[in-house]
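Next come the chains, spelled out residue by residue.
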Amino acid sequence: MAIEWKTFLFFGLLFLFILLGVPLTFVLGGLSVIFIFVEFQANPASDGLYLVASKIWDLMETSSLIAIPLYVFMAMVLERSGVAHDLYRMMHLWWGGLRGGLAIGTVLICTIFAAMSGISGAAVVTMGTIALPQMLSRGYDARLALGAINAGGGWGILIPPSILMVLYALITEVSIGKLFAAGVGPGLLLFALVSAYIGIRCWFQPRLGPSLPAEDRGTWPEKFRALRSVLLPIMIIVMVLGAIFSGLATVTEAAAVGVLGALVASAVNRKLNTRLVKEAAIRTFRLTTLITWIVFAAHAYSTAYTAMGAESFITHLTEQIPGGRWGAMLFMMVVLFFLGMVLDPVGIMLITLPVFLPLVNAHGFDPVWFGILFVVMMEISYMTPPFGFNLFYLRSVTQADPSMRHLTMKDIYWSVGPYTVVELFGLFLIVLFPAIALWLPDLLFSGN
């Protein structure tokens, strides 16, 4: 059978079984075994089965995998530590006097939370619970507020530490430290763009985000006392990222340091107890088990496709895409955007990277820079209908609070439109100016 038909069946059956609701791990692993077996029957000299076993064995010995449960546990502890409540109080006092200030402050907290946790859901659920009712009660437009939380929450996978970056690095074998460093500039850029959008729109349409009355803005002593809430998050960020970028610790070791910082933050806020640790550990175990099996199955899937002769097919496909290297880049970004509407980011990564990485290498793109573009597109996929994770996180939050049950799924869907456009503009700037992503890794890892 020609490789074109094999590719059609290989990916067509993948989408079919996913749409039928079969768990992703079983789909990836099952199709890999079936296609490799068929390939072996047709070509007894094929070493596909050996390659799969060898690849998974090598992956099991990868110490970077330990970082995944540690970062997840850190996020679970922080979600219950009370840090977010203190940050919101500080933001309320300092930013509330501006038009749209509560929304901008919420986006800022999402940025800080992203730099502490490494996952998307933590910031969305926390800010949806704390900030959304406050903004609505202050007369903020519901869609403006929902969109701000939706967009800001997604930065958990872009601003380091990031679980998705760890997975990307494991699959592509690029430096996790360089990926983490490359995420800082784009993360700050997206924060600036989203904040500018909120501020400009609320300046011209004050009804969307009215400023707080003078009596609710707090006194200067209260504002300065509230700044103490920033100390714990800064401590955690410096402990994790400082240890990595200074070379004092590997990504895995820094994850352990981050867990210590999260436990200290919980203890300072008097939230640390046996129940918190137990619940965080159980949720970490469940999520990590899911991620690990998906990673193993994905490696089997990519290895199976390689064994079927994917390299020659992709080389031929590259030659057919108009526009040269930038045409290929546009093609990949468009594919990621539309896949993001219907699949989860981990699934997209595991499906597309075996196809895209040869294209990236063939056209001479920096794999670290492409990794940032990939993660930005995955962050956008968290917020785009119909199946963006953040949409359903917000839906669960609004349904749990009686004061917000009037918000419909339609409101949540419509809220993301302008923010998606803003983030796509940010992606365009990163493509146009690669130094936005690469200046920090070049600075920190120039000797490597």
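Residues numbered from 1 in each chain as written. Predicted model: local features only at pLDDT ≥ 70, side-chain atom pairs only at ≥ 80, totals over all residues. Heavy atoms only, no water.

Some details on the overall build of the protein
So, point 1. On a plain count of helices and strands, the protein comes out with 22 helices and zero strands.
So, point 2. Across the 448 residues of the protein, 56% fall into the buried class.
So, point 3. Within the protein, contacts between residues at least 6 apart in sequence are counted, and of these 80% link residues at least 24 apart.
So, point 4. As displayed, the protein has an accessible area near 19,200 Å², and 69% of this comes from carbon and sulfur atoms. (Helix = DSSP H or I, 4+ residues; strand = E, 2+ residues; numbered from the N terminus. Buried < 20%, exposed > 50% of the residue type's maximum accessible area, 1.4 Å probe, protein only. Contact = heavy atoms within 4.5 Å. Areas by Shrake-Rupley, 256 points an atom, 1.4 Å probe, with all protein chains shown as cover.)

Structural notes on the environment of alanine 300
So, point 1. Tracing the chain through its elements places alanine 300 in helix α14 (residues 274-307).
So, point 2. With 271 residues separating them along the chain, alanine 300 and glycine 29 place their C-alpha atoms 6.3 Å apart.

Quick look at the nonpolar core
So, point 1. If you look at the biggest cluster of nonpolar residues, it comprises 155 residues, and the most contacted ones within it are Tyr71, Ile198 and Phe370.
So, point 2. Examining the composition of this core, we find that 14 residues originate from one element, helix α10 (residues 176-204), more than from any other.
So, point 3. Setting aside chain neighbours within four positions, we find phenylalanine 370 in contact with Tyr168, Met329, Met332, Met333, Leu353, Phe356 and Val360. (Core = buried A, V, L, I, M, F, W, Y, C linked by side-chain atoms within 4.5 Å.)

A short note on unusual backbone geometry
The phi torsion of most residues other than glycine is negative, and most of the peptide bonds are trans.
So, point 1. Of note in this structure, glutamate 173 is not a glycine but carries a positive phi near 65 degrees.
So, point 2. With relative accessibility at 61%, the residue glutamate 173 sits in the exposed group.
So, point 3. With phi around 60 degrees, arginine 270 is a residue other than glycine that occupies positive phi space.
So, point 4. Relative to the elements of secondary structure, arginine 270 occurs in the loop between α13 (251-268) and α14.

Quick word on the environment of proline 345
So, point 1. Counting through the fold element by element, proline 345 comes out in helix α17 (residues 345-362).
So, point 2. Once the C-alpha coordinates of proline 345 and phenylalanine 374 are considered, the two residues, 29 residues apart in sequence, prove to be 9.8 Å apart.

Structural notes on the side chain of threonine 106
So, point 1. Here threonine 106 is to be found in helix α6 (residues 101-117).
So, point 2. The residues touching threonine 106, leaving out its near neighbours within four places in the chain, are Tyr88, Met91, Met127, Ala131, Met135 and Ile149.

Here we look at the packing of aromatic side chains
Describing an aromatic ring pair means giving the distance of the ring centres and the angle of the ring planes.
So, point 1. This model, assessed by the stated rule, comprises nine aromatic pairs.
So, point 2. Taking the centre distance of 5.6 Å and the plane angle of 85 degrees together, the rings of phenylalanine 337 and phenylalanine 338 count as edge-to-face.
So, point 3. Through pairs of rings, three or more aromatic residues link up here, namely Tyr168, Phe370 and Phe374.
So, point 4. Over the ring of tryptophan 203 we find arginine 99; its NZ or CZ atom is 4.7 Å from the centre of that ring. (Phe/Tyr/Trp six-rings, centres within 6.5 Å; stacked < 30°, edge-to-face > 60°. Lys NZ or Arg CZ within 6 Å of the ring centre and 35° of its normal.)

Some words on helix α4 (residues 67-79)
So, point 1. When the terminal C-alpha atoms of α4 are compared, their 18 Å separation across 13 residues agrees well with the 18 Å that a helix rising 1.5 Å per residue should span.
So, point 2. Every buried residue belonging to α4 is among Ala67, Ile68, Tyr71, Val72, Phe73, Met74, Ala75, Met76, Val77 and Leu78, and all of these are buried. (Expected span 1.5 Å × (residues − 1).)

Overview of the packing of helix α18 (residues 367-381) against helix α21 (residues 417-432)
So, point 1. Direction vectors running N to C along α18 and α21 enclose 175 degrees, while the axes themselves pass 10 Å from each other. Of the possible angle classes, the one that applies to α18 and α21 is roughly antiparallel. Judged by residue contacts, Trp369, Leu373, Val376, Met377, Glu379 and Ile380 of α18 engage Thr420, Glu423, Leu424, Leu427, Ile430 and Val431 from α21.
So, point 2. Class assignment for the residues of the contact of α18 with α21 results in nine nonpolar, one polar and two charged. (Axes fitted to C-alpha atoms, helices over the stretch in contact; angles between N-to-C directions. Parallel < 35°, antiparallel > 145°, perpendicular 65-115°, else oblique. Nonpolar A, V, L, I, M, F, W, Y, C, P; charged D, E, K, R; others polar.)

A look at helix α22 (residues 435-444)
So, point 1. Considered for burial, the residues of α22 that qualify are Ala437, Leu438, Leu440 and Pro441. The arc that holds the buried residues of α22, viewed along the axis, is 160 degrees, so those residues lie on one side. (Arc of directions from axis to C-beta.)

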